[in-house]
Amino acid sequence: MVGDFADCAYGVLKDRCSLQPRLSVMDVVNRLNDIANGYSSSDKSLVRSTLEHLIKNLTGLENKWFIRILTKENKLGTSSQLSGLRSCICVPVSMFGYL
């Protein structure tokens, strides 16, 4: 069975992310606010740096659920509608050098 985008991302990230939780719920809420502020002010560098911080500091499983939260809250679907997550998809490549 093929999983959703979050399952695929988990398969890639699970062995490359933090093994122990490093962020509190409040830390994640603050980073979500940073992402929202970055989008509202068209500050792509803030969005990218915030996503990089989250990917590096969340466990693989936390990243999986974080991606699900982002895709649900933004009402993103499949195919071309996932273009809003291109920065998320590119971050692991730049961080880890391979997929």
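Residues numbered from 1 in each chain as written. Predicted model: local features only at pLDDT ≥ 70, side-chain atom pairs only at ≥ 80, totals over all residues. Heavy atoms only, no water.

Let's hear about the packing of aromatic side chains: which residues, and what values?
With the rule as written, the count across this model stands at zero aromatic pairs. The ring of Y10 has K64 lying over it, and the distance from NZ or CZ to the ring centre is 5.1 Å. Above the plane of the ring of W65 lies R68, whose end atom (NZ or CZ) is 4.5 Å from the centre. (Phe/Tyr/Trp six-rings, centres within 6.5 Å; stacked < 30°, edge-to-face > 60°. Lys NZ or Arg CZ within 6 Å of the ring centre and 35° of its normal.)

An account of the nonpolar core is needed here, citing residue identities and associated values.
Counting residues in hydrophobic clusters, the biggest one holds nine residues: L23, V28, I35, V47, L51, L54, L58, F66 and L70. Of all elements in the fold, only α2 (25-40), α3 (44-57) and α4 (60-73) reach the threshold of two or more residues within this core. Sort the elements by how many residues they give to this core and α3 lands first, with three residues. Setting aside residues no more than four positions away along its own chain, I35 makes contact with V47, T50, L51, L54 and F66. (Core = buried A, V, L, I, M, F, W, Y, C linked by side-chain atoms within 4.5 Å. Buried < 20%, exposed > 50% of the residue type's maximum accessible area, 1.4 Å probe, protein only. Helix = DSSP H or I, 4+ residues; strand = E, 2+ residues; numbered from the N terminus. Contact = heavy atoms within 4.5 Å.)

Pulling in residues and values, what's your account of α3?
Look at α3: 20 Å from first C-alpha to last across 14 residues, which is about the 20 Å you get at 1.5 Å a residue. Listing the buried residues of α3 in full gives V47, T50, L51, L54, I55 and N57. (Expected span 1.5 Å × (residues − 1).)

Remember, this is a structural readout, not a statement about activity or role.
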